[in-house]
Amino acid sequence: MRHNSRYVASVQKQANWVEIKAFEHFYRRHMVDIFEDKSVRITQISDKLAISGWACNDIYRPIQGPSLPHFNGSHGEQMKPIRLIIPCLVVAIMTATAMTSVADAAKSTHLTYSIFFPAAHGQCLAGMEWAKEIERLSDGKIKITVFPGGTLTRANQCYDGVVKGISDIGMSCFAYTRGRFPSMEALDLPLGYPSGLAATRVANAFYEKFRPEELNDVKVLYLHAHGPGLLHTRKPVNNLADLQHLKIRSTGLSAKVVEALGGVPVAMPQGDTYESLQKGVVEGTFGPIEVLKGWRQGEVVKYTTDCNSVGYTTAMFVVMNKAKWNALPPDVKTLFETTSRKWIDVHGQRWDQGDDEGRNYATSLGNDILSLSEDESSRWKAHVRPIIDAYIDGASAKKLDGKGYVDMLVGAIDDQR
């Protein structure tokens, strides 16, 4: 929208305590719809702004300073600055919009993208690159604003956030909402995934083959999955006896792996793991070795047990709000689907690159990588087999093809070796 710079400039002149990026997000989500309805009165716009100002922390956030108003009541009345700024914003927007046709404003579709990974993480960077590629190939038809680090929706709220329209696109893990995705849980079973690229390709092949109904409330753009989940601990674990009763951070089916091996699973997202390891809340974590650098967990553990024979993965989604998807023209839908297919391998290769970097980072800190003997590895594998069998039985009880899921995955993993 060409008028964005004008209304932003006007807003800056009227109130330097409004965060422009957040207001621009509000504008994109609400104001074009308002202006398309010519019956809307200024008072209605003012009410909409007022409601958003009080309800949404990301719309009005005062810049810190002793002379500027705050919402906590520490500097004068709360309502007065809001009541002063709303008319200024309305006038600025109405004036700018009068200079540009609604048709021009509607030329670009603005989408928000919530990613739970921190901004510097390789998977977040891959997601941002995907968004830039969509923008480039759409020739300005699509604009995507990325919110990394769970700033728009937290990891366990991301999927629902997309369904409800809090974000238009979201990336997070199926495992963060256990029980909601019974078919997709099969992907996380400890089946001995050899790499991130293999796991990512298998995950997408699984979805394309079975198309689980549990994902019908969104548009699935693509999936990705990390390399083999390994055990990272504060003290050495060379065998099952060393693991007994240790508190291990885990999610989804990896929690069952921990329990089957004799540890105590503690559910938490990756974003909370560093501090929990640092403070001794947990004594270890299950995850791909990339977390040692990508999430800096190598700083708070000393050992990695390379238990790849029970290597599980965590499947992750990139999904779009169904209404937003349905509103896109056919050529843009094709663009999204074509680009998303290309990005399957981008994410898979990035996972493997991250694993290499994580291993090198851990050893540079003096951490030890411990290998299991062949006999010990077989014992670990035998201990987790009941998890696979229990999944098959549980899925069958829900009238899902649990055995078919597992057989397909085992074959697909073998094909990727």
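Sequence order as written defines the numbering, with residues in each chain counted from 1. Predicted model: local features are reported for residues with pLDDT of at least 70 only, side-chain atom pairs are reported and counted for 80 or more only, and whole-chain, interface and lining totals are derived from all residues. Derived side-chain values reflect all non-hydrogen atoms in the structure, with water molecules and hydrogen atoms excluded from consideration.

## With respect to the overall build of the chain
Definition in use: A run of H or I in DSSP counts as a helix once it spans at least four residues, and a run of E counts as a strand once it spans at least two, with each numbered from the N terminus. Partly exposed describes any residue whose relative accessible area lies between the buried limit of under 20% and the exposed limit of over 50%, with all areas from a 1.4 Å probe on protein chains only and scaled to the type maximum. We call two residues contacting when some pair of their heavy atoms lies within 4.5 Å. Residue-level accessible areas treat just the shown protein chains as cover; the underlying method is Shrake-Rupley with a 1.4 Å probe.
Of regular secondary structure, the chain possesses 16 helices and 11 strands. Looking at the chain residue by residue over its 417 residues, the buried ones come to 53%. Across the chain, contacts joining residues at least 24 apart in sequence account for 76% of those joining residues at least 6 apart. In the form shown here, the chain has an accessible surface area of approximately 18,700 Å², with 51% of it arising from carbon and sulfur atoms.

## As for the packing of helix α10 (residues 253-260) against helix α15 (residues 374-397)
When two helices pack together, their arrangement is given by the angle between the helix axes and the distance between those axes. Basically, it comes down to this: The axes used here are C-alpha line fits, helices contributing only the stretch in contact, and every angle between their N-to-C directions lies in the interval 0 to 180 degrees. By definition in this entry, angles of less than 35 degrees are roughly parallel, angles greater than 145 are roughly antiparallel, angles of 65 to 115 are roughly perpendicular, and the rest are oblique. By convention, the crossing between two helices is left-handed when the near helix turns anticlockwise from the far helix through less than a right angle, and right-handed when the turn is clockwise. Classification convention: Asp, Glu, Lys, Arg as charged; Ala, Val, Leu, Ile, Met, Phe, Trp, Tyr, Cys, Pro as nonpolar; all other residues, Gly among them, as polar.
Between α10 and α15, the least distance of the axes is 9 Å, while the angle of their chain directions is 135 degrees. By the angle between their directions, the pair α10 and α15 is classed as oblique. Viewed along their axes, α10 and α15 form a crossing whose handedness is right-handed. Residues Lys256, Val257 and Ala260 of α10 lie in contact with α15, whose contacting residues are His383, Val384 and Ile387. Looking at the contact of α10 with α15 residue by residue, the classes come out as four nonpolar, one polar and one charged.

## Comments concerning the packing of aromatic side chains
The condition that has to hold: Two rings from Phe, Tyr or Trp (for Trp, the six-membered ring) form a pair when their centres are within 6.5 Å of each other. A pair whose planes differ by under 30 degrees is stacked, one over 60 is edge-to-face, and the rest are tilted. The criterion is that NZ of a Lys, or CZ of an Arg, lies within 6 Å of the ring centre and within 35 degrees of the ring normal, and then a charge sits over that ring.
As enumerated under the stated definition, the model contains 17 aromatic pairs in all. Ring centres 4.2 Å apart and planes at 35 degrees place the aromatic pair Phe116 and Phe117 in the tilted group. Considered together, Phe116 and Phe117 belong to a single accessibility category, that of buried residues. Pairing Trp130 with Phe336 gives two aromatic rings, centres 5.8 Å apart and planes at 55 degrees, and the pair type is tilted. Remark: Phe336 occurs in helix α14 (residues 330-364) and Trp130 occurs in helix α6 (residues 122-137); sequence separation between them is 206 residues. For the residue pair Trp130 and Phe336, the accessibility class agrees, reading buried in each case. Put simply, the rings of Tyr113, Trp130, Tyr222, Trp325 and Phe336 pair up and form one aromatic cluster. The ring of Tyr274 carries Arg296 above its face, with NZ or CZ at 4.7 Å from the centroid.

## Points about the packing of α6 against α14
In contact at an axis separation of 10 Å, α6 and α14 are set at 155 degrees when each is read in the N-to-C sense. The orientation of α6 with respect to α14, classified from their angle, is roughly antiparallel. Considering how the two elements wind past one another, α6 and α14 form a crossing that is right-handed. Contacts between α6 and α14 pair Gly122, Gln123, Leu125, Ala126, Gly127, Glu129, Trp130, Glu133, Ile134 and Leu137 from the former with Leu335, Phe336, Thr339, Ser340, Trp343, Val346, His347, Arg350 and Trp351 from the latter.

## Points about the sheet that holds strand β2 (residues 142-147)
Heads up, the condition is: Strands are labelled as partners when DSSP assigns at least two bridges between them.
Overall, mixed pairing links the five strands, which are arranged β2-β1-β3-β10-β4 in an open sheet. Every interior strand has two partners, whereas the edge strands, β2 and β4 (218-225), have only one. Between one strand and the next, the sheet's axes are offset by a mean angle of 20 degrees, whatever the strand orientation. Bridge count between β4 and strand β10 (residues 315-321): seven bridges; the pairing is antiparallel. Within β10, the residue paired with Tyr222 across the bridge is Val318.

## What to know about α10
All buried positions along α10 are accounted for by Leu253, Ser254, Ala255, Val257 and Val258. Check the buried side of α10 and you find it contacts β6 (247-250), β7 (264-267), β8 (284-287) and α15. Of the residues flanking the end of α10, it is Gly262, one or two places downstream, whose phi is positive at about 105 degrees.

## Examining the sheet that holds β7
The strands making up a sheet are joined through hydrogen bonds of the backbone, oriented either antiparallel or parallel. Pairing in this open sheet of six strands is mixed, and the strands run β7-β6-β8-β5-β9-β11 from one edge to the other. The sheet is open, and its two borders are formed by β7 and β11 (368-371), each paired with just one other strand. Direction aside, the axes of adjacent strands within the sheet are offset by 30 degrees on average. By the bridge criterion, four bridges tie strand β9 (residues 303-306) to β11 in an arrangement that is parallel. Opposite Thr304, over in β11, you have Ile369 as the bridge partner.

## Things to note about the nonpolar core
Rule in force here: Residues grouped as a nonpolar core are buried Ala, Val, Leu, Ile, Met, Phe, Trp, Tyr and Cys residues, joined through side-chain atoms within 4.5 Å.
Counting 93 residues, the largest nonpolar core has Trp130, Phe336 and Trp380 as the members making the most contacts within it. In this view, Trp380 contacts Leu231, Val237, Asn239, Leu240, Leu243, Leu261, Thr305, Cys307, Val310 and Leu372; residues no more than four positions away in its chain are not counted.

## Quick word on the state of the cysteines
The condition is simple: Note on terminology: disulfide denotes any pair of cysteine sulfur atoms within 2.5 Å.
With the rule as written, the count across this model stands at zero disulfides. Sulfur of Cys158: no disulfide; nearest cysteine sulfur belongs to Cys173 and is 9.4 Å away. The exposure class of Cys158 is buried, given its relative accessible area of 1%.

## A word on the pattern of salt bridges
Inclusion rule: Note on definitions: salt bridges are taken to be side-chain nitrogens of Lys or Arg within 4 Å of carboxyl oxygens of Asp or Glu.
Tallied over the entire structure, the rule returns 15 salt bridges. One salt bridge in this structure joins Asp331 and Lys141, with 2.8 Å as the shortest N-O distance. Linking Asp331 in helix α14 with Lys141 in the loop between α6 and β2, this pair joins segments that are 190 residues apart in sequence. For Asp331, a relative accessible area of 43% gives the class partly exposed. Residues Asp345 and Arg201 are paired through a salt bridge, measuring 2.9 Å at the closest nitrogen-oxygen approach. Here Arg201 lies in helix α8 (residues 196-210) and Asp345 lies in helix α14, a separation of 144 residues in the sequence. Each of Asp160, Arg180 and Asp217 takes part in salt bridges that share partners, so that together they form one network.

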